[in-house]
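Below, each chain spelled out in residue letters.
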Amino acid sequence: MVLPALALVAGCAKPITFDAGAIAANRMLAGAPPGFLLGAATSAYQIEGGNHNDWSEWEKGRYPDGTPHVLDGTSATRAADSWNFWRADLSALQLLGANVYRLGIEWSRLEPTEGAWDQAAAARYRQMFAALRAAGITPIVTLYHFTLPTWVAARGGWDWDGAPAALAAFAGRAGSAFGDLVDWWCTINEPNVLVAKGYLAGQWPPGARDPHRAAMALAALMRAHGLMTGALRENDRTDADGDGRATRIGIAQNLRIFDPYSASPVDGIVAGAADDFYNQAFLDAVTLGRVRVVLPGVIDIDQPFPPLAGSLDYLGVNYYTRDLVVGHLGGPNIYTPASAPDRPRNDLGWEIYPEGLYRMLLRYAHRGWPLLVTENGVADGRGVLRSDFLRAHLYAVDRARAEGVEVIGYLYWSLIDNFEWSHGYRGHFGLYAIDFEDPTLTRRPTAAVATFQEAARNLGTLH
Ligand code: BGC
């Protein structure tokens, strides 16, 4: 582990404040090159409906005090029913002027029991990918976005030492089944969030609060990503878009700014340690070709794992917010997040901090991977924050690009309102709103659609 205080100084550059006039004056994406990827993202479980996996089981449960695991007591049984309404999602993308769509395939749907392969489900995914391509929209396919088939969960999920190989076998199979239609793959979505929520906070399956298990799970996810990359490169040899490369493989890493709340050394050290475990550990593993997870006093894993080296063709950046860290030296939580004065917050209470995207893009520039913003969005059920949010975050992208950072694309999260994990249907991130009480689940454009279209026009993907 890098010394926490050093990581803070080297990695997180000083807080800055954007000038509102500069954001308003910026012609979003006007300077981006023609091949720039502009679109939106979703995940399979959050939109498809009809899935049965560790999450659908978790949704039925309650905490010992009686609170349901999903705060509003809902489930993803139907979600946005994109399994049936996928053509409506495609129309929504076309209206935006998107040239790329990041969507997931659901492992439990394709491989409901070990070694099985649901041909009908695979055929439906092929239909979606082919329709996207026909519309000039490149699919970026996520293979693992938080949900495990029940047969994997029954063996212990990420505690099972066979889990990395099982996910890699699935990746290989997906590579052969869809490789002629798909070049862009995202192996794992946010290994750090999965570990934080499922193994530290106990809010997602398997509901653990155990730093040792968390560290072991993170190590298993590192191995899985390395093996998945090998399996994809071996099984997807078809260059679908004719650019000379059959695969472009990345992960989507949640990057969160941890700024110390005060000048107190405790805030600084704790912010650095949080940054190190959350933002940095997985990327160090990939850079060094080593499974390396160090939590002082808890675990020290450091083993060579050659499949990790060179396993990223791009780094997917999922950026949402910053935490102002009030550090604690004892007690169950290492820090409590403080509120930044004068900063708007989204419906889930997260600070809106576009400068953080710029800081992260600068921080991860020149590491050998082009950067693709694979998620960035705001929970805004009233539709009053999203346009400004989008404009400010595209300004962050433009400014980083102007300073020489290789940012190859920007995907807004999410295309449509969806099932927001333990918040149920309370987090409205969609560019298109959905009333989940309405049986038609109509996708209704929010005000931010016009802002997105303005960027697409500047880029030249919408006329
Ligand atoms: C996840 C999404 C989630 C979004 C908003 C990201 O961390 O990848 O699944 O919906 O954040 O919370």
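Residues numbered from 1 in each chain as written. Predicted model: local features only at pLDDT ≥ 70, side-chain atom pairs only at ≥ 80, totals over all residues. Heavy atoms only, no water.

### Describing the overall build of the protein chain
Part 1 of the reasoning: In terms of regular secondary structure, the protein chain is built from 15 helices and 13 strands.
Part 2 of the reasoning: Relative to the compact-globule value of 23 Å for 463 residues, the protein chain shows a C-alpha radius of gyration of 21 Å, a close match.
Part 3 of the reasoning: Summarising its shape, the C-alpha atoms of the protein chain cover approximately 55 × 55 × 50 Å along the three principal directions.
Part 4 of the reasoning: Counting over 463 residues, the protein chain shows a buried share of 60%.
Part 5 of the reasoning: Counting only contacts in the protein chain whose residues sit at least 6 apart along the sequence, the fraction spanning at least 24 positions is 76%.
Part 6 of the reasoning: With an accessible surface of roughly 17,300 Å², the protein chain has 55% of that area assigned to carbon and sulfur atoms.
Part 7 of the reasoning: Averaging the positions of the 39 positive and the 49 negative side-chain charges in the protein chain gives two centres separated by 2 Å. (Helix = DSSP H or I, 4+ residues; strand = E, 2+ residues; numbered from the N terminus. Rg over C-alpha atoms; globule rule 2.2 N^0.38 Å. Buried < 20%, exposed > 50% of the residue type's maximum accessible area, 1.4 Å probe, protein only. Contact = heavy atoms within 4.5 Å. Areas by Shrake-Rupley, 256 points an atom, 1.4 Å probe, with all protein chains shown as cover. Lys, Arg positive; Asp, Glu negative; His and termini not counted. Charge placed at Lys NZ, Arg CZ, Asp CG, Glu CD.)

### Side note on unusual backbone geometry
What is expected of a backbone is that most residues other than glycine have negative phi and most peptide bonds are trans.
Part 1 of the reasoning: That bond from Pro205 to Pro206 is cis: its omega, 10°, falls within 30 degrees of zero.
Part 2 of the reasoning: In this structure, Pro206 sits in the loop between helix H10 (191-200) and helix H11 (211-235).
Part 3 of the reasoning: A cis amide bond, omega 10°, links Trp413 with the succeeding residue Ser414.
Part 4 of the reasoning: With respect to the helices and strands, the residue Ser414 is situated in the loop between strand S11 (407-413) and strand S12 (432-433).
Part 5 of the reasoning: In this model, Ala79 sits at a positive phi of 50°, which is unusual for a non-glycine residue.
Part 6 of the reasoning: Mapping Ala79 onto the fold places it in the loop between helix H4 (54-58) and helix H5 (82-96).
Part 7 of the reasoning: Ala79 gets classed as buried once you look at its relative accessible area, which sits at 4%.
Part 8 of the reasoning: Unusually for a residue other than glycine, Phe146 sits at a positive phi of about 80°.
Part 9 of the reasoning: Its location among the elements puts Phe146 in the loop between strand S3 (138-144) and helix H8 (150-154).

### Quick word on empty space enclosed by the protein
Part 1 of the reasoning: Applying the stated rule across the entire model yields 4 cavities of 30 Å³ or more.
Part 2 of the reasoning: Estimates place the volume of the largest cavity at around 150 Å³.
Part 3 of the reasoning: Taken together, the elements giving at least two residues each to the lining of the largest cavity come down to helix H3 (44-48), H5, strand S2 (100-104) and helix H7 (119-134).
Part 4 of the reasoning: The greatest single-element share of the lining of the largest cavity, amounting to 6 residues, is contributed by H5.
Part 5 of the reasoning: Looking at the lining of the largest cavity residue by residue, the class counts come to 11 nonpolar, 4 polar and 2 charged. (1 Å grid on protein atoms, 1.4 Å probe; cavity = no way out; pocket = protein on both sides within 12 Å on 5 of 7 lines; lining within 4 Å. Points joined across faces, edges and corners; volume = space filled by probe spheres on them. Nonpolar A, V, L, I, M, F, W, Y, C, P; charged D, E, K, R; others polar.)

### Here we look at the site of the ligand
Part 1 of the reasoning: Around the ligand there are 13 residues in total, and Gln46, Asn189, Glu190, Glu420 and Trp421 lie nearest to it.
Part 2 of the reasoning: Separating an oxygen atom of the ligand from a side-chain N or O atom of Asn189 is a distance of 2.9 Å.
Part 3 of the reasoning: Between the ligand and Glu420, the relevant distance is 2.5 Å, taken from an oxygen atom to a side-chain nitrogen or oxygen of the residue.
Part 4 of the reasoning: Protein chains bury 94% of the 310 Å² of accessible surface belonging to the ligand in isolation.
Part 5 of the reasoning: For the shell around the ligand, the residue count by class is 6 nonpolar, 4 polar and 3 charged. (Near = heavy atom within 4 Å. Polar contact = N/O pair within 3.5 Å; in protein donor to acceptor, adjacent residues only side chain to side chain.)

### Concerning the confidence of the model for the protein chain
Reading predicted coordinates in detail is not appropriate for stretches of low pLDDT.
Part 1 of the reasoning: Per-chain confidence: the protein chain averages 95 in pLDDT, with 97% of residues scoring 70 or above.
Part 2 of the reasoning: The low-confidence segment residues 1-11, where pLDDT is below 50, has 19 contacts with residues more than four positions distant or belonging to other chains. (pLDDT = per-residue confidence, 0-100.)

### What about the nonpolar core?
Part 1 of the reasoning: In terms of nonpolar packing, the biggest core is built from 144 residues, with Ile105, Trp158 and Phe178 touching the most fellow members.
Part 2 of the reasoning: Ignoring any residue separated from it by four or fewer positions in sequence, one finds Ile105 in contact with Ala44, Leu110, Tyr125, Phe129, Val141, Thr142, Leu143, Phe170, Ala174 and Phe178.
Part 3 of the reasoning: One finds Val100, Ala252, Tyr314 and Leu411 within the second-largest nonpolar core, a separate group that totals 16 residues. (Core = buried A, V, L, I, M, F, W, Y, C linked by side-chain atoms within 4.5 Å.)

### Re the side chain of Asn189
Part 1 of the reasoning: Positionally, Asn189 belongs in strand S4 (residues 184-189).
Part 2 of the reasoning: A distance of 2.8 Å separates a polar atom in the side chain of Asn189 from a polar atom in the side chain of Arg102.
Part 3 of the reasoning: At a separation of 3.0 Å, a polar atom in the side chain of Asn189 contacts the side chain of His145.
Part 4 of the reasoning: Those residues in contact with Asn189, other than ones at most four positions away along the chain, are Arg102, Thr142, Tyr144, His145, Phe146, Ala252, Asn318 and Glu375.

### Description of the packing of aromatic side chains
Part 1 of the reasoning: Following the criterion strictly, the structure yields 29 aromatic pairs and no others.
Part 2 of the reasoning: Pairing Trp55 with Trp204 gives two aromatic rings, centres 5.9 Å apart and planes at 70°, and the pair type is edge-to-face. Here the residue Trp55 occupies a position in helix H4, and Trp204 occupies one in the loop between H10 and H11, the gap between them amounting to 149 residues. There is no split in this pair, since Trp55 and Trp204 are both buried.
Part 3 of the reasoning: Ring centres 6.1 Å apart and planes at 80° place the aromatic pair Phe258 and Tyr335 in the edge-to-face group. Linking Phe258 in strand S5 (residues 248-260) with Tyr335 in strand S9 (residues 335-338), this pair joins segments that are 77 residues apart in sequence. (Phe/Tyr/Trp six-rings, centres within 6.5 Å; stacked < 30°, edge-to-face > 60°.)

### Some remarks on the layout of surface pockets
Part 1 of the reasoning: Volume-wise, the second largest pocket comes out at about 310 Å³.
Part 2 of the reasoning: Looking at the second largest pocket, it is lined by 17 residues, and the ones nearest its centre are Ile23, Pro344, Pro354, Asp388 and Ala392.
Part 3 of the reasoning: Only helix H2 (20-25), helix H13 (354-363) and helix H14 (386-402) provide two or more residues apiece to the lining of the second largest pocket.
Part 4 of the reasoning: Per-element accounting of the lining of the second largest pocket gives the leading share, 4 residues, to H14.
Part 5 of the reasoning: By residue class, the composition of the lining of the second largest pocket is 11 nonpolar, 1 polar and 5 charged.

### Focus: the pattern of salt bridges
Part 1 of the reasoning: For the structure shown, the criterion picks out 23 salt bridges.
Part 2 of the reasoning: The closest approach of N and O atoms between Arg155 and Glu114, which form a salt bridge, is 2.6 Å. With a gap of 41 residues between them, Arg155 in the loop between H8 and helix H9 (163-178) and Glu114 in the loop between helix H6 (107-110) and H7 connect regions that are remote in the sequence.
Part 3 of the reasoning: With its nearest N and O atoms 4.0 Å apart, the salt bridge here joins Asp380 to Arg386. A single burial state applies to Asp380 and to Arg386, both of which are buried.
Part 4 of the reasoning: A cluster of three or more residues bridged by salt bridges with shared partners is formed by Asp259, Arg322, Arg343, Glu351, Glu355 and Arg359. (Salt bridge = Lys/Arg side-chain N within 4 Å of Asp/Glu carboxyl O.)

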